Each structure stands twice: as C-alpha cells, then as structure tokens.
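Structure assessment
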Amino acid sequence: MELQTTTVQTKSAQCECAVFGRGTKPLVILPGIFTKSLMPFAQGVADRYQKFLAGYKVYLLDRPLNPPETCDAAFLAKAAAESLDALGVKGACVVGISAGGIAAQALAKSRPDLAAKLFLGSTCAKMTDTAAAIIEGWARLAEEEKLSELNQAFAQAVYTPSFYERYKDAILSSLDGATSADLKRFCGLARATLDFDATDILPKIKCPVLAVGAGLDKIFGADAAPQIARLAGTSARSYIYQNYGHAVYDEAPDYVDRIYEFFEG
C-alpha cells in the first residue's frame, strides 16, 4: 500500500494530509490535538485502519499548521472544509476523534455535502468545566514550554492507568521532541475548543451519527456520547466502552471494527 503525504494550502490555513487506501469511498479522519505533526505517525494509522484499505481512500487530515492565536471550532471546521475542497473530497464518511470530533460536528452542520456519515469518538456536545480546566492546564504548560510536564499530564489524562504504565516509555517518547512552534500551535488549538457548544448544531445535522465514548473518560465523562446522540436526533446512536478511558480509540482492540461496521451498515 502506498501512503502519500501532502500539504494543503487554503485561504484559512495550511494543513498536512496523509492519503492511503485503494478504494474509491472517501473516509476522512479528523484527529484530536497533539503536540506534534501526525504525519510521522501516518503509517501507524494506516496499519490500524487495514480493514478500510480495499474499499476506501482514507484522508488523515491533521490540524492546521498555522492557526491564528485565537480561533474556535468554526475556524477548525472551515480549515477542514477548505482542505477537503482542495483535495476533491465530497460525501465522505467522517471520523472525528476528541478535538477532531468538535471540528467534525461544526463541519457536518456547515458543509453537509462533505459528510455522509459521522463517527464521533471521545468528544462532547458542549465543553464542560472539568474538560475546560484540563485542556486549559495543558495550554498553560505548552505556553510555558514545560514539555515534560505537559507530556505526562496529557498522557495520564487520556490513557487508563494500566495502559499508561505498560506503555509509558513508548507514549512519552512519541510525545517528546516538540519545538517551540509546535507548542505554540498546540496551545492555540487547545484553547480553540474551550468555548465549544454544539447543542444548537447537533439537531441540524442530517447525516447518520454514531457517538462512542468511554466510562472512564477523565476529560469528557461517560455521558458525553449519549448526550450527543440525544441532541442529534432519531438517526443518532451512542455506545460506551465501560472499562476504557478517553484514549479508547487507541486501547480498545475492536474500535476500528466498530467504525467500519457503522460506515458499512
């Protein structure tokens, strides 16, 4: 399988994108915030999404490289929409994970032509005080360039304790090496989510929605996915992994299978 990476320049932002898969059905992955570019990890994502390679063309669309100092979910959605327009993507199955799920909700409402189905993982319909405090704490550490403290705080918040202890060295190694520019970007993208409120947006999303959360999610809590489904209407469903945390998308062995079944159903 050939994996290609490209940088998409639009009016709003510059975004990196990895493209893989042999099929024709478009699948767009909008990931959560991370301290560095995801492009060095794109092959790992492709390996995890093996099930999609025959039938889909997958677009792993990273967050904007050059976001303004103050931005919001509408900006993230606009940057994603303009990038998908430049790539010629229409009617995609969209996976929005964590902060990527925040952008995905705004995208599905503002550009329904781009989203045929919407999978929302470990995200929320409205930012809570608990989540905002955690994310603002990360942003402050990034602002102060306290990379080691940021990496540990981030990893301990998203992974279950047993998973973190088992893979601690690999997790912290993957987070290490962020530059001052990376941290400035992380800070801006983190704060872009703090005022998010989709309670008026979700009822207007017309495509099928599946929201998947985790019972031990320290950031958004166990009720975040059911709340999304309640607000999004009769075509929306939710599922909770009871014994996983926020990063259930990395930890649960059947997570990608669940995405595939939803898009193929």
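Below is a short write-up of the structure.

Conventions and cut-offs
Residues numbered from 1 in each chain as written. Predicted model: local features only at pLDDT ≥ 70, side-chain atom pairs only at ≥ 80, totals over all residues. Heavy atoms only, no water. Phe/Tyr/Trp six-rings, centres within 6.5 Å; stacked < 30°, edge-to-face > 60°. Helix = DSSP H or I, 4+ residues; strand = E, 2+ residues; numbered from the N terminus. Buried < 20%, exposed > 50% of the residue type's maximum accessible area, 1.4 Å probe, protein only. Lys NZ or Arg CZ within 6 Å of the ring centre and 35° of its normal. Axes fitted to C-alpha atoms, helices over the stretch in contact; angles between N-to-C directions. Parallel < 35°, antiparallel > 145°, perpendicular 65-115°, else oblique. Left-handed = near helix turned anticlockwise from the far one by under 90°. Contact = heavy atoms within 4.5 Å. Nonpolar A, V, L, I, M, F, W, Y, C, P; charged D, E, K, R; others polar. Pairing = 2+ DSSP bridges. Right-handed = clockwise from strand over helix to strand, strands pointing away. Core = buried A, V, L, I, M, F, W, Y, C linked by side-chain atoms within 4.5 Å. Expected span 1.5 Å × (residues − 1). Bend = angle between axes of the 7 residues up to and from the residue.

As for the packing of aromatic side chains
Counted by the stated rule, this structure contains 13 aromatic pairs. Relative to Y167, the ring of F163 lies with its centre 4.7 Å away and its plane at 50 degrees, an arrangement referred to as tilted. With F163 and Y167 both in helix α6 (residues 161-175), this residue pair falls 4 residues apart, about one helical turn. In this structure Y167 comes out as partly exposed when scored by relative accessible area, which is 34%. Grouping aromatic residues by their ring pairs yields a cluster made of F119, Y239, Y241, Y244 and Y255. Between R258 and the ring centre of Y239, over which it is positioned, the NZ or CZ distance is 3.6 Å.

Some remarks on the packing of helix α4 (residues 129-143) against helix α5 (residues 147-158)
Between α4 and α5, the shortest axis-to-axis distance is 9 Å and the interhelical angle comes to 160 degrees. Between α4 and α5, the crossing angle belongs to the class labelled roughly antiparallel. Between α4 and α5 lies a crossing whose hand is left-handed. Residues I134, W138, L141 and A142 of α4 lie in contact with α5, whose contacting residues are E149, L150, A153, F154, A157 and V158. Each residue belonging to the contact of α4 with α5 can be placed in one class, and the counts come to 9 nonpolar, no polar and 1 charged.

Some thoughts on helix α8 (residues 224-232)
For α8, the set of buried residues is A224, A225, P226, I228, A229 and A232. Where the residues of α8 are buried, they touch α3 (99-110), β6 (115-121), β7 (209-214) and β8 (236-241). One or two positions beyond α8, positive phi appears at G233, with a value near 100 degrees.

A word on the pairing of β6
In the case of a regular strand, side chains alternate between the two sheet surfaces. A large share of β6 lies buried, amounting to 6 of its 7 residues. When strand β5 (residues 92-97) meets β6, the two strands line up parallel, connected through 6 bridges. Within the sheet, the bridge partner assigned to I97 lies in β6 and is G121. For the crossover that starts at β5, traverses α3 and ends in the parallel β6, the hand is right-handed.

A few points about the nonpolar core
By size, the foremost hydrophobic cluster in this structure holds 108 residues, and its most contacted members are F119, W138, Y255 and F263. When residues in this core are grouped by element, the largest group, 8 residues, is from helix α2 (residues 73-87). Apart from residues no more than four positions distant in its own chain, F119 is found in contact with V94, V95, G96, I97, L210, V212, Y255, I259, F262 and F263.

Looking at the packing of α2 against α3
Taken N-terminus to C-terminus, the directions of α2 and α3 make an angle of 70 degrees; their axes are 8 Å apart at the nearest point. Relative to α3, α2 is oriented roughly perpendicular. Between α2 and α3, the residues in contact are A73, L76, A77, A81 and L84 and I102, A103, A106 and L107, respectively. Class assignment of the residues belonging to the contact of α2 with α3 gives a composition of 9 nonpolar, no polar and no charged.

Points about α6
Given a rise of 1.5 Å per residue, 15 residues ought to cover 21 Å, yet the end C-alpha atoms of α6 are separated by just 17 Å, more than 12% below that figure. A bend of about 80 degrees at Y167 is the largest found in α6. Contacts from the buried residues of α6 go to α5.

Notes on the environment of F154
Relative to the elements of secondary structure, F154 occurs in helix α5. With 120 residues separating them in the primary sequence, F154 and F34 have C-alpha atoms 9.2 Å apart.

Geometry only, nothing functional implied.
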